[in-house]
Amino acid sequence: MAFDLSGKLSKKMMSDPKFREALDESKRVHLRTFGEILEPAFTDDPTGEIELVGALNFISRGEYDKALRKLLRIEKRCACPEDTCAVQFFAGLAYERSGMTVPAIQRFFASTAAVPGHYMTHVMLARLLHTNKSFDAALTNYLLAVQLIERLEQKDEVPAVNPRTLRSAMIAGAAGCSLMMGDYDDAEWALCEAESNGFDSPKLSVLYAMLYAATDRKALAHEKLSELRKRDPELESRVALEVETVIAGKNPRFAVLKDALNAVDYEGFWRRFAERERRYAVMISSGSATALAAANELSRELTELFGFPNAELAVAVGCEKDGFEITVSDNYVLSLSVGVEKLLSVQPEELKHDWKFTSVH
């Protein structure tokens, strides 16, 4: 049986001045960073408070498995939204630091669903969704984080996180998402805003170089690469080739690669789809697991069809009243957007009755 503090034991521990002092000191340290989430949690539950602070101590020491075991154990003790918010947030933090992006995102969403309006939850979501190339959702969370950081009350103590620095970092993150989505004006405005607010990171030069490359300002792109080379030669060497590819109009996200698109066998895809049509229909109709397998198979097929490096097409499938729906997402890769549009325009008429294909970003 998993260890769990009984009510009597936790009260006894809390009555020990040395234990209470040690607990309060640990909690005080964590409150500097996580105050708005930690402070209202388990206020009437000594056992939950002890376990939650213990989980945070494990996270601080890098013992994420132990932290998660504690957090998953006290989920059942959550008696109010504030308890749930804290447990879900810190579980997300433990997953994130373990490198487990998907469960981390799920937990952070659960945290903000319990108690909306905590800036730190949106900071974590923005960064993870950005890493996951979910640019729309990441941008939304960057902007929410900026708004919430601006509303933070000034405190006498020195905060663990500098609000001005964090705000400018969130604006820079929003710029990166806008750039990847092809919203170049928004990206440039956000970069200027981040810079004017004191964002001082080599990544700013990277974003500027990519923006200038994508908008055919070659001299400015090279200038930013030169600045980056002086400040962070290793980072410059990692991004220089990609920037040059964008300048040359050979990056599928930022340019329409006409020759590559003209070589795509669009009709061949539809022939193969017609041959597998019945099988796909059975898979999609048979349950979520087989439907997911069909979506993954179509995703691989479409990604291979276009063959652009690092440009994957995501696919979602579902049943409709009169057939099936296939949604193809190009994730703002310009060449894929044009290619998918052409692919759907040549869908055979005999397939249109049962199969509705939709293109989204």
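Details of the structure are given in the entry above.
Residues numbered from 1 in each chain as written. Predicted model: local features only at pLDDT ≥ 70, side-chain atom pairs only at ≥ 80, totals over all residues. Heavy atoms only, no water.

### Some words on the overall build of the protein chain
Per the secondary structure count, the protein chain includes 18 helices and three strands. Projecting the C-alpha coordinates of the protein chain onto the three principal axes gives extents of approximately 75 × 55 × 30 Å. Across the protein chain, the fraction of contacts at a sequence separation of at least 24, relative to all contacts at a separation of at least 6, is 60%. Accessible surface, the protein chain as shown: approximately 19000 Å² in total, 52% of it carbon and sulfur. Each charge class in the protein chain can be summarised by its mean position, and for the 44 positive and 54 negative side chains these summaries are 5 Å apart. (Helix = DSSP H or I, 4+ residues; strand = E, 2+ residues; numbered from the N terminus. Contact = heavy atoms within 4.5 Å. Areas by Shrake-Rupley, 256 points an atom, 1.4 Å probe, with all protein chains shown as cover. Lys, Arg positive; Asp, Glu negative; His and termini not counted. Charge placed at Lys NZ, Arg CZ, Asp CG, Glu CD.)

### A short note on the packing of aromatic side chains
In this structure the tally under the stated criterion is 15 aromatic pairs. Look at Y208 and Y212: their rings are 5.6 Å apart centre to centre, the planes differ by 25°, and that puts the pair in the stacked class. With Y208 and Y212 both in helix α11 (residues 202-214) and four residues apart, the pair spans about one turn of that helix. The same class applies to Y208 and to Y212, which are both buried. Judged by centre distance (5.0 Å) and plane angle (75°), the rings of F269 and W270 are edge-to-face. Aromatic ring contacts, followed pair by pair, group F269, W270, F273, Y280, F324, W355 and F357 into a single cluster. Residue placement shows K224 over the ring face of Y208; its charged tip is 4.5 Å from the ring centre. (Phe/Tyr/Trp six-rings, centres within 6.5 Å; stacked < 30°, edge-to-face > 60°. Buried < 20%, exposed > 50% of the residue type's maximum accessible area, 1.4 Å probe, protein only. Lys NZ or Arg CZ within 6 Å of the ring centre and 35° of its normal.)

### Structural notes on unusual backbone geometry
Despite not being glycine, F42 shows a phi value in the positive range, around 55°. Even without being a glycine, N331 presents a positive backbone phi close to 50°. With respect to the helices, strands and loops of the structure, N331 is situated in the loop between β2 (323-329) and α17 (334-345).

### What about the side chain of D330?
With respect to the helices and strands, D330 occurs in the loop between β2 and α17. In this structure, D330 is buried with no salt-bridge partner, the nearest side chain bearing the opposite charge being R253 at 7.1 Å. Within the local environment of D330, its side chain forms a polar contact with the backbone nitrogen of Y332, the two atoms lying 2.8 Å apart. Not counting chain neighbours up to four residues away, the residues in contact with D330 comprise L313, L336, S337, S359, V360 and H361. (Salt bridge = Lys/Arg side-chain N within 4 Å of Asp/Glu carboxyl O. Polar contact = N/O pair within 3.5 Å; in protein donor to acceptor, adjacent residues only side chain to side chain.)

### Observations regarding a negative patch on the surface
Side chains of D136, D183, D185 and D186 sit close together on the surface and give a patch of like negative charge. With respect to the element layout, D185 can be found in helix α10 (residues 184-196). The exposure class assigned to D185 is exposed, which follows from its relative accessible area of 66%. (Patch = residues over 30% accessible without salt bridge, like charges linked within 9 Å, V, L, I, M, F, W, Y side chains within 5 Å.)

### Regarding the packing of helix α16 (residues 288-306) against α17
Orientation of α16 relative to α17, taken along the N-to-C sense of each, is 110°, at an axis distance of 11 Å. It follows from the interaxial angle that α16 and α17 lie roughly perpendicular. Where α16 approaches α17, its residues L302, L305 and F306 are matched on the opposing element by L336, G339, V340 and L343. The residue inventory of the contact of α16 with α17, partitioned by class, reads six nonpolar, one polar and no charged. (Axes fitted to C-alpha atoms, helices over the stretch in contact; angles between N-to-C directions. Parallel < 35°, antiparallel > 145°, perpendicular 65-115°, else oblique. Nonpolar A, V, L, I, M, F, W, Y, C, P; charged D, E, K, R; others polar.)

### Side note on the pattern of salt bridges
For the structure on display, the rule yields 21 salt bridges. Of the charged contacts in the structure, one is a salt bridge between E349 and K352, with a shortest N-O distance of 3.0 Å. Taken as a pair, E349 and K352 lie in helix α18 (residues 349-352) at a separation of three residues, close to a single helical turn. On the accessibility criterion, E349 (58% relative accessible area) is exposed. One salt-bridge network, held together by shared partners, links R272, R276, R279, E297 and E301.

### Some points on the packing of helix α5 (residues 81-97) against helix α6 (residues 101-114)
Axis separation between α5 and α6 bottoms out at 8 Å; the angle between their running directions is 160°. The angle between α5 and α6 falls in the class roughly antiparallel. Relative to α6, α5 is oriented so that their crossing is left-handed. On the side of α5, the interface is formed by P81, T84, C85, Q88, F89, A91, G92, L93, Y95 and E96, while α6 contributes P103, A104, R107, F108, A110, S111 and A114. Each residue belonging to the contact of α5 with α6 can be placed in one class, and the counts come to eleven nonpolar, four polar and two charged. (Left-handed = near helix turned anticlockwise from the far one by under 90°.)

### What about the nonpolar core?
Of all hydrophobic cores here, the largest spans 79 residues; its most connected members are L52 and F90. Leave out the neighbours within four places in its chain, and L52 touches L38, A41, F42, L71, I74, A86 and F90. If you look at the next biggest cluster of nonpolar residues, it comprises 33 residues, including V264, W270, F273 and L302. (Core = buried A, V, L, I, M, F, W, Y, C linked by side-chain atoms within 4.5 Å.)

### Things to note about the pairing of β2
Within β2, five of the seven residues are buried, leaving the element largely enclosed by the surrounding structure. Across seven bridges, strand β1 (residues 314-320) lies against β2 in antiparallel orientation. In the strand pairing of β2, A316 is matched with T327. Remark: two residues form the turn of the hairpin made by β1 and β2, two consecutive strands paired antiparallel. (Pairing = 2+ DSSP bridges.)

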